[in-house]
Amino acid sequence: MAFLLYPTHVFLSRMVSRKLKIRLSLLAGILSWLLFTFFDLYLLFVEKYQINVDLSGLLPQTFLTTMVVSVLFYYRYTVTKADSINFIDLLWQVFVTGLVTTIGSLIIRLFFYVFGNSAISENPFTINFLYHILIGLVVIYLVSTFVVWKRLIQYQKSKNLIQLWTLFEYVLLGSLIFDLFGNKFLSVNFNAALIILGGLALILAFNLKWIAYLNFKQKWKSILFILLSGIYVYHFLLNLISFSQTNALNIDLLDRVYFVALFFFIILYAAIAILVTLFNLPTSSVFERKLQEAIDFQKLSQSIPAGQSAEQIYDILLESSMSAVFADGAWLEIRDIEDTLITRDLPEEAVIDIKASVRQEYIRDILEYRFNKDFLSQKVIGAINHPDYKSIIAVPIMVKNEQKGILVLLQEVGDAFNREMVEIISTFVSQASISLENFQLIGEAIENERYKEQLKIANSVQKSLLPSSLRHNECFDIVAYSMAADEVGGDYYDIIEPETGIFNLIVGDVSGKGTSAAFNMAQMKGIFHSLAQNTNPPEVFVRQANAALSRCLEKSSFITAMYFQIDTMANELSYVRAGHCPALFYSNSSRIISDLNEDGLGLGILRNSEYDQYVKQHTATYQSGDLLLLYTDGITEAKNSDGIQYGTERLRTSLLNHIDEPLNDLKTGLIDDLMKFLKDKKLDDDYTLTVVRFN
C-alpha cells in the first residue's frame, strides 16, 4: 500500500521474493494478533486484580496496528491486479473471504447462544478473547475487500486518480496513528477525521469503469457478489455493536476511525457499484452486439494475412453480416471464372423467387449486376412480396469499380432493417472486396514471406550450430568469427576438451552455399561431437569422419576441414589437413608466419578405403606468444569490384599488422582490413576465421 514507508518497502521488495513476502506478512499478522490478544487480556487481568504493573495501554493498540499493516501487505501481494484477472474473479475472492470470516463470526455467536447466561459467557476474559477473534476476522475481511476495491477503482488509471488514491491512503495511515490516542466514537476529533476520509471515499467510489466491460451475465454475478459483501459487512457491524454493549471491552473497534472509515468505504462503493451495474443492464446487449461486430470485422480483416481461401472469406462475410443485422436468411453470389452461390438458412431454389419479388429499381440493378452508381445506403433496403420474407438488404460487392457479386440479407418481418445496419454491412462488404481484389497478390506475397521466414529460421538454426563460447584453459586464448554470404552458410568451427589439457579443434567448409550447405554443416557438427569426445589422434578422427560423411552426404557434396589436437601439457600441435585452406602459424620468437600446407583430401571426395592413404598427420611444437590462424576460402578468394582477389598474402600482411594487439582486437582488425579491400562489394562466399594465441 502506498501510504506505508516507501524506502522500507522498496528495500524489502529487492531483498526478498514474492512468496517470502507473503509468508513473512502472514507470520507477522498472526504474531501481531497473538501479542495484541495477550497484552490486552493481561491488562484486563491487571486491572481486575489491581496488580501494580507498569504496562502502557498503548501496547495492545500498537500490535493491533501492526496486525492491520501485516494483513494489508499479505493481501497486497496475493490479490492479483485487475488488468491481469477477470473482474468476476476479484469479486469472487471477496465473496469467499467474506464467507469464511462470516462463518467464523457465526461460530462466536453460536457460543453465546449455547451457553446463554452462564458464568463462562459472562466472564470478561471470555468475552474479550472471543472479541479479539472477531477483530481478527473483521480485519481480514475489511482489508482484503479494501485491496480488491482498490484494484477495481484503479482500472484504467489516470494521474489525477493515482494522486487522489495516494492522498486517501496517507489519510488512512494518519487515522491508524490517530487511533492510538484513544478517541471515542462520535467525539469531535473522531467526527472530523471521519468526515475527511468519507469525502475522499465518496469521490473515489464513483470510479467504476470496469463495469462497462462486463457482459449481461457477468453484471448479474457482480451484483450478487457485491450484495453479499454488503451483507457480510452488516453482519460484522451487528456483532461488533453487540460486543460493545457488554461494557466489558478494553478496546472497542468502533472507537477507531480507521475501521469505521473502512466500513463506510466498503459499503459506499458496494452500494454505488450495484446501482451503476443495474442502470447498465439495459445497455449490455447493445455493448455486446457492438463488440461482436468489432470482432467480426477484425476476423474479416485478418482473413487476408491469415492466408485463407476465398471460400473462407465468403463464409466469414455471410456469418458476420447475418449476426450483425439478425437476418433470418442470406445468400452471397460471386461471378468470376467459376460462379459461386452460397446460402444460409435459405434453399438455393428460393433465390430466383426472391429476386422476382423485388420491386425497387435500385435493388433490382444490384441483383442483376447492373450497378454502376454511387452507393446509397438508404436505397439498398427494401420490402419484398414473398411468403417467407418481407425485408431485404442487397449490397453490391465491387472489385476495381466493377460489380463482381452481391450480398443479400433477409428478414421474415417488414421494416426489419435500418440505415445503421446497412452501414455495418457495407463496412464488411468493403473489407471483403479488398480481400478479394488483393487475394492472389497477397497469396504470392505470403509465399515470399514464408520463404524468407524459413530462411530466417534456417539462419537461426545455423547460428545455433556454432558454439556460443569456445572452450580453452590458461595455456591459450581463442576467438572466432563467421559470416554467411546468404541467409545460411556452410562454414563450421568448434572445439572440445575430451581430457584435461587436450583440446580438439576443427574448422570446416561445406561445398556449395545456402540451405543444403547448412544442412551438411549440421551433419558435420554431429560427427565432430560424436568422434571428438576422446583423445584419438587427428588421423583417426579424419578417417572415421570421412567414413561417416560418405554415408550421408550427397554425392556432389564434400567438406574441407583442418583438424587440430592441442596438447597444452606438451606444448604440441597434432593436425591433419583435409583439403582445407592452409593454416597460418606465427612464431613469436622469429616473427615469421609459415603455412601449414601439407597435402590432404576433402571429406567425402573418396568414399572408400582408398581415402586413408591421403590422410597424413603432422606434429609441431609451440611456444608462448605463438599464434595459429585458421580460415576458410571465403576470405582469400573474396574479390573487390575490380575482380581482384584478397589472397593469402594480404591476409598474412594484415595478421602481421595486428599481431601485437589483444586477440579480440586482432580478429576485428583482420575483418576490417578485408572489408576495406572489398569496399561496398558483397561477399560471394561464406567466410570464417579462428585465431588461437598460446600463452
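Look above for the structure.
In this text, all values refer to a predicted model and were calculated from it rather than measured experimentally. (Residues numbered from 1 in each chain as written. Predicted model: local features only at pLDDT ≥ 70, side-chain atom pairs only at ≥ 80, totals over all residues. Heavy atoms only, no water.)

J.: Could you give an account of the side chain of N207, naming the residues involved and the relevant values?
T.: With respect to the secondary-structure elements, N207 resides in the loop between α8 (188–204) and α9 (216–244). Here the side chain of N207 touches L204 through a polar contact of 3.1 Å, landing on its backbone oxygen. Excluding residues that lie within four positions of it along the chain, N207 makes contacts with L152, I153, L161 and Y269. (Helix = DSSP H or I, 4+ residues; strand = E, 2+ residues; numbered from the N terminus. Polar contact = N/O pair within 3.5 Å; in protein donor to acceptor, adjacent residues only side chain to side chain. Contact = heavy atoms within 4.5 Å.)

J.: Got a sec to walk through the pattern of salt bridges? Specific residues and values, please.
T.: Per the stated rule, a full pass over the model turns up 14 salt bridges. Among the salt bridges present, the one from E169 reaches K150, with a minimum N-O distance of 3.5 Å. Residue E169 is located in helix α7 (residues 159–178), and its partner K150 is located in helix α6 (residues 124–153); the two are separated by 19 residues in the primary sequence. Here R652 makes a salt bridge to D595, at a shortest N to O gap of 2.8 Å. Linking R652 in helix α20 (residues 647–658) with D595 in strand β12 (residues 592–596), this pair joins segments that are 57 residues apart in sequence. Each of E361, R364, D365, E368 and R370 takes part in a single network of salt bridges with overlapping partners. (Salt bridge = Lys/Arg side-chain N within 4 Å of Asp/Glu carboxyl O.)

J.: How would you sum up helix α21 (residues 663–678)? Please name residues and give values.
T.: Here α21 spans 23 Å end to end across 16 residues, near enough to the 22 Å set by a 1.5 Å rise per residue. For α21, the full list of buried residues reads L663, L666, K667, G669, L670, I671, L674, F677 and L678. The inward-facing, buried residues of α21 abut β6 (476–483), β14 (627–631), α19 (633–636), α20 and β15 (687–694). Once α21 ends, the next one or two residues include K679, with phi positive near 60°. (Expected span 1.5 Å × (residues − 1). Buried < 20%, exposed > 50% of the residue type's maximum accessible area, 1.4 Å probe, protein only.)

J.: So what's going on with the sheet that holds strand β13 (residues 617–621)? Residues and values would help.
T.: Strand order in the open sheet made by the five strands is β7-β8-β9-β10-β13, with antiparallel pairing throughout. Two strands bound the open sheet, and with one partner strand each, they are β7 (491–499) and β13. Between one strand axis and the next, the sheet turns by 20° as a mean value, whatever way the strands run. Contacts between helix α18 (residues 538–552) and the sheet are confined to β8 (502–510), β9 (559–567), β10 (572–578) and β13, with β10 contributing the most and set at about 30° to the helix. (Pairing = 2+ DSSP bridges. Axes fitted to C-alpha atoms, helices over the stretch in contact; angles between N-to-C directions.)

J.: Any details on the nonpolar core? Residues and values, ideally.
T.: Judged by nonpolar contacts, the single largest core of 81 residues is most densely connected at F146, W149, L152, F168 and W210. Among the elements that line this core, the one with the most residues is α6, at 17 residues. What W210 contacts, discounting residues up to four positions off in sequence, is F87, L91, L152, Y155, I226, Y269 and A273. Within the second largest apolar cluster, 50 residues are counted, among which are A480, A517, L549 and L630. (Core = buried A, V, L, I, M, F, W, Y, C linked by side-chain atoms within 4.5 Å.)

J.: Give me the pairing of β15: which residues, what numbers.
T.: The side chains of a regular strand alternate between the sheet's two faces. With respect to burial, β15 is a largely interior element, eight of its eight residues being buried. Taking every second residue as pointing to the same face, both faces of β15 are buried, with Y687, L689, V691 and R693 on one and T688, T690, V692 and F694 on the other. Of the strand pairs in this sheet, β6 and β15 are connected by eight bridges, and their pairing is antiparallel. Within the sheet, the bridge partner assigned to F476 lies in β15 and is F694. The sheet contact formed by β14 and β15 spans five bridges and is antiparallel. By the bridge assignment for β15, L629 is matched with V691.

J.: Report on α18, specifying residues and quantitative values.
T.: Between its first and last C-alpha atoms α18 spans 21 Å; for 15 residues at 1.5 Å apiece the expected length is 21 Å, and the two agree. Every buried residue of α18 is listed here: P538, F541, V542, A545, N546, A548, L549 and S550.

J.: Which residues make up unusual backbone geometry, and what are the values?
T.: What you tend to see is this: most non-glycine residues have negative phi, and most peptide bonds are trans. Phi at F326 takes a positive value of approximately 55°, unusual for a residue other than glycine. By the element assignment, F326 lies in the loop between α12 (310–325) and β1 (329–334). One non-glycine residue, N571, lies in the positive phi region at around 50°. Tracing the backbone shows N571 in the loop between β9 and β10. The partly exposed category is assigned to N571, whose relative accessible area is 34%.

J.: Help me get a handle on the side chain of S105, residues and values and all.
T.: Positionally, S105 belongs in helix α4 (residues 87–115). For S105, a relative accessible area of 0% corresponds to the buried category. A polar contact is formed between the side chain of S105 and the side chain of H235, at a distance of 2.5 Å. The residues touching S105, leaving out its near neighbours within four places in the chain, are L134, L137, H235, F236 and N239.

J.: Residue-level account of the packing of α9 against helix α10 (residues 257–280), with values.
T.: As a packed pair, α9 and α10 sit with axes 9 Å apart at the nearest point and diverge in direction by 155°. Regarding the angle of α9 to α10, the classification is roughly antiparallel. In the packing of α9 onto α10, the handedness of the crossing is left-handed. Two secondary-structure elements touch here, α9 through K219, S222, I223, I226, L227, S229, V233, F236, L237 and L240 and α10 through F263, I266, I267, A270, A273, I274, T277, L278 and N280. (Parallel < 35°, antiparallel > 145°, perpendicular 65-115°, else oblique. Left-handed = near helix turned anticlockwise from the far one by under 90°.)

J.: Describe the sheet that holds β12, listing the residues and the values that go with them.
T.: Across the sheet, which stays open at both edges, the five strands sit in the order β6-β15-β14-β11-β12 with antiparallel pairing between neighbours. Lying at the two open borders of the sheet, with one neighbouring strand each, are β6 and β12. Averaged over all neighbouring strand pairs, the angle between strand axes comes to 15°, with direction disregarded. In this structure, strand β11 (residues 583–587) lies alongside β12, joined through five bridges in antiparallel fashion. The partner of S587 across the bridge, within β12, is I592. Where α21 meets the sheet, its contacts fall on β6, β14 and β15, and the angle it forms with β15 comes to roughly 150°.

J.: Which residues make up the packing of aromatic side chains, and what are the values?
T.: As enumerated under the stated definition, the model contains 39 aromatic pairs in all. Judged by centre distance (4.0 Å) and plane angle (10°), the rings of F541 and Y563 are stacked. With F541 in helix α18 and Y563 in strand β9, this residue pair connects regions lying 22 residues apart in the sequence. A residue is classified by how much of its surface remains accessible, and Y563, at 2% relative accessible area, is buried. Chaining the aromatic ring pairs together yields one cluster made of W92, F95, Y141, F225, Y232 and F236. (Phe/Tyr/Trp six-rings, centres within 6.5 Å; stacked < 30°, edge-to-face > 60°.)

J.: Got a sec to walk through the environment of T340? Specific residues and values, please.
T.: For T340, the position within the fold is in strand β2 (residues 340–344). Exposure remark for T340: the relative accessible area of 21% places this residue in the partly exposed category.

Read these as spatial facts, not as claims about activity.
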